[in-house]
Amino acid sequence: MRIESPLHPLPGPRRRADGATLACLFVLALLLIPARLVLRGLPMSLTLADVVALLLLLVWLLAQFTTTLGAAKGANPVRTGIFAYGMALLTCYGFASLGYLPSDELNLADHSLVLFAGYVGLVLIMCDGVRGRDRLDFVLKTVVVAGAIVSVVATCQYLLEFDPTTYMTLPGFRHTSVEGTETVMSRADLRRVAATLGHPIEFGVFCSMVLPFGAHFALQARDRGEPATRWWLCTVLIAAGLMFSVSRSAVLGLVVVGAVLFAGWPLRRCLVGLAGLVVFLGVMKVAAPGLLGTFYNLFANAGSDDSILYRTHDYPFALTEVAKHPIFGRGIGTWYPYKHQVFDNQYLLSLVETGVVGVVAFVGIIVCGVVVALRARRLSGDPNVRNLALTIAACLLVPLVGAATFDLLSYPGVTGLMFLLIGASGALLRAVKAENAAAAPAPETAAAGRAGLRREAAAQLGPGSG
């Protein structure tokens, strides 16, 4: 029997394009086109994924004026949360624009606002346009498959010293002039690779957020009696990509995800997961000598590590800047490395750029996604749905931790995935509520059933019992 995959659906009635289709196009544009490629002829540097995200916002707006396109219209906590987030950023942008900003910083503020408008559209199209668990699975499976392909690129960069991204050029694109987009770097005499993303740290954190979904779909396929080998292969490839990033932030993210999943998994699944981890690390020790030792030293020598000292030495300077505009900040996107000191900490950077309002909005929208996912888990009795909800919640905690170790929102790969998962939590809650409503008996049927139970009870008690 042929099993449906995200890239090869089963033949049957042709399904028209929907929100899931558009979200998959965004995923493919985000991950399979190198991050350093931007479109030519535009007044600002935008990748194809950025343009697709803006189109998603336009499609969502148009869908709200119709009742025939299948977009959801009802209330959803994620919709409320992303509206509040968007209004917070717009307020911070407006506050900064009221005062004087140099032309370069004003252009960057405009650029950042455009990017975040696209992320709002991504969340909305996921929440309202992805209808049903099968379509949500389709999107997340596409993320896993694309993540596995990106990890193959990373494997080539690390093991073969061959960078396929140098040949991944497309007509109509140009290379961005932004620094920090090298796909291969070094640490402790080892290569650090970024695959198609912008930086090894971003790639590693991305892998830590995608890896659990590969395991989820493998376990789901096994429970359904379907072939699971393809999903285990994707999971192993993504795990290898995480290791090849040689990123401390990636390991921290994976620890957070593992702690949450192990807290919600049955004991037997936890033991199997630990056994699989031990086997994987053994294979990595043979395939990439010195890699595990480097990871050990990253944490064992953390107190004297230059990268950690660099991240912490600028705290007093950052707080001085925050004190100038503590509520709304100096302007979103206006603090950039060519002109200002770099903060490898998204919380500090957000405090400077968007003030307390921006930081609360950033943390709030992630917490909203986590809470909504856990609510969907509580409402569902399906083990696969409960595990998917737990996986979404666990992976959304990674940006909360990663934001303290690097300027997370400056990297579109991990930022785009974060907002996609926030929208996925809203879509899952809609799907669970719809399934529960469909399974619940109609009011007339329930009333008739209760009346029948009363008559049966009266008959058993005998005459005069009423």
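(A) Up close: the nonpolar core. Counting residues in hydrophobic clusters, the biggest one holds 119 residues, and the most contacted among them are Met126, Leu291, Met418 and Phe419. With residues up to four places along the chain from it excluded, the contact list for Phe419 reads Ile82, Tyr85, Phe116, Tyr119, Leu122 and Val123. In this structure, Ala318, Val322, Trp335 and Val352 belong to the second largest nonpolar core, which totals seven residues.

(B) Spotlight on helix H9 (residues 267–287). Between the first and last C-alpha of H9 there are 30 Å, a value that for 21 residues agrees with the 30 Å anticipated at 1.5 Å per step. Here H9 has its buried residues at Arg269, Cys270, Phe280 and Met284. End-on, the buried residues of H9 take up no more than an arc of 95 degrees, which puts them together on one face. Turned more than 90 degrees away from the buried face of H9, the exposed residues are Leu267, Arg268, Leu271, Val272, Val278, Val279, Lys285 and Val286. Close packing links the buried residues of H9 with helix H6 (200–223), helix H7 (229–244), helix H8 (248–264), helix H10 (291–300) and helix H14 (383–402).

(C) Here's a closer look at a nonpolar patch on the surface. Together, Phe262, Leu267, Leu271, Leu274 and Leu277 line one region of the surface with nonpolar side chains, adding up to about 480 Å² of accessible area. Top contributing element to the nonpolar patch by residue count: H9, with four residues. With relative accessibility at 41%, the residue Leu274 sits in the partly exposed group.

(D) How the structure looks around the pattern of salt bridges. A complete count under the given rule lists ten salt bridges for this structure. Close ionic contact of Asp382 with Arg133 constitutes a salt bridge, the shortest N to O distance being 3.4 Å. Linking Asp382 in the loop between helix H13 (346–379) and H14 with Arg133 in helix H5 (residues 133–159), this pair joins segments that are 249 residues apart in sequence. Asp382 sits in the partly exposed class, given a relative accessible area of 25%. With a closest N to O distance of 3.4 Å, Arg222 and Asp223 form a salt bridge.

(E) Fine view of the packing of H14 against helix H15 (residues 412–439). Running from N to C, H14 and H15 cross one another at 155 degrees; their axes reach a closest spacing of 10 Å. Judged by the angle between their axes, H14 and H15 are roughly antiparallel. Here the hand of the crossing between H14 and H15 comes out left-handed. In contact with Val385, Leu388, Ala389, Ile392, Cys395, Leu396 and Pro399 of H14, H15 contributes Met418, Leu421, Ile422, Ala424, Ser425, Leu428 and Val432.

(F) Looking closely at the environment of Gly99. Checked against the element boundaries, Gly99 lands in the loop between helix H3 (77–98) and helix H4 (103–129). Judged by its relative accessible area of 43%, Gly99 falls in the partly exposed class. On a C-alpha basis, the gap between Gly99 and Gly331 in space is 9.9 Å, while along the polypeptide they are 232 residues apart.

(G) Main features of the side chain of Thr196. Residue position: Thr196 is located in the loop between strand S4 (190–193) and H6. Not counting residues within four places of it along the chain, the set of residues in contact with Thr196 comprises Leu31, Ile33, Pro34, Ala35, Val150, Thr165 and Met168.

(H) Summary view of the packing of aromatic side chains. Applying the stated criterion across every chain yields a total of eleven aromatic pairs. Taken together, a centroid distance of 5.7 Å and an interplanar angle of 40 degrees make the contact between Phe217 and Trp231 tilted. Of this pair, Phe217 sits in helix H6 while Trp231 sits in helix H7, placing them 14 residues apart in sequence. The pair Phe217 / Trp231 is uniform in exposure class, with both members buried. Put simply, the rings of Tyr85, Phe116, Tyr119 and Phe419 touch in pairs and so form one group of aromatic residues. In this structure, Arg191 is placed above the aromatic ring of Tyr158, and the distance from its NZ or CZ to the ring centre is 5.5 Å.

(I) Expanded view of the packing of H8 against H14. Packing of H8 against H14 leaves a shortest axis separation of 8 Å and a crossing angle of 150 degrees. If you check the angle between H8 and H14, you find them roughly antiparallel. Seen along the crossing, H8 lies across H14 with a hand that is right-handed. Contacts between H8 and H14 involve Leu252, Gly253, Val256, Val257, Val260, Leu261 and Gly264 from the first element and Leu390, Thr391, Ala394, Cys395, Leu397, Val398 and Val401 from the second. Grouping the constituent residues of the contact of H8 with H14 by class yields eleven nonpolar, three polar and no charged.

About the criteria used
Residues numbered from 1 in each chain as written. Predicted model: local features only at pLDDT ≥ 70, side-chain atom pairs only at ≥ 80, totals over all residues. Heavy atoms only, no water. Core = buried A, V, L, I, M, F, W, Y, C linked by side-chain atoms within 4.5 Å. Buried < 20%, exposed > 50% of the residue type's maximum accessible area, 1.4 Å probe, protein only. Contact = heavy atoms within 4.5 Å. Helix = DSSP H or I, 4+ residues; strand = E, 2+ residues; numbered from the N terminus. Expected span 1.5 Å × (residues − 1). Arc of directions from axis to C-beta. Patch = residues over 30% accessible without salt bridge, like charges linked within 9 Å, V, L, I, M, F, W, Y side chains within 5 Å. Areas by Shrake-Rupley, 256 points an atom, 1.4 Å probe, with all protein chains shown as cover. Salt bridge = Lys/Arg side-chain N within 4 Å of Asp/Glu carboxyl O. Axes fitted to C-alpha atoms, helices over the stretch in contact; angles between N-to-C directions. Parallel < 35°, antiparallel > 145°, perpendicular 65-115°, else oblique. Left-handed = near helix turned anticlockwise from the far one by under 90°. Phe/Tyr/Trp six-rings, centres within 6.5 Å; stacked < 30°, edge-to-face > 60°. Lys NZ or Arg CZ within 6 Å of the ring centre and 35° of its normal. Nonpolar A, V, L, I, M, F, W, Y, C, P; charged D, E, K, R; others polar.

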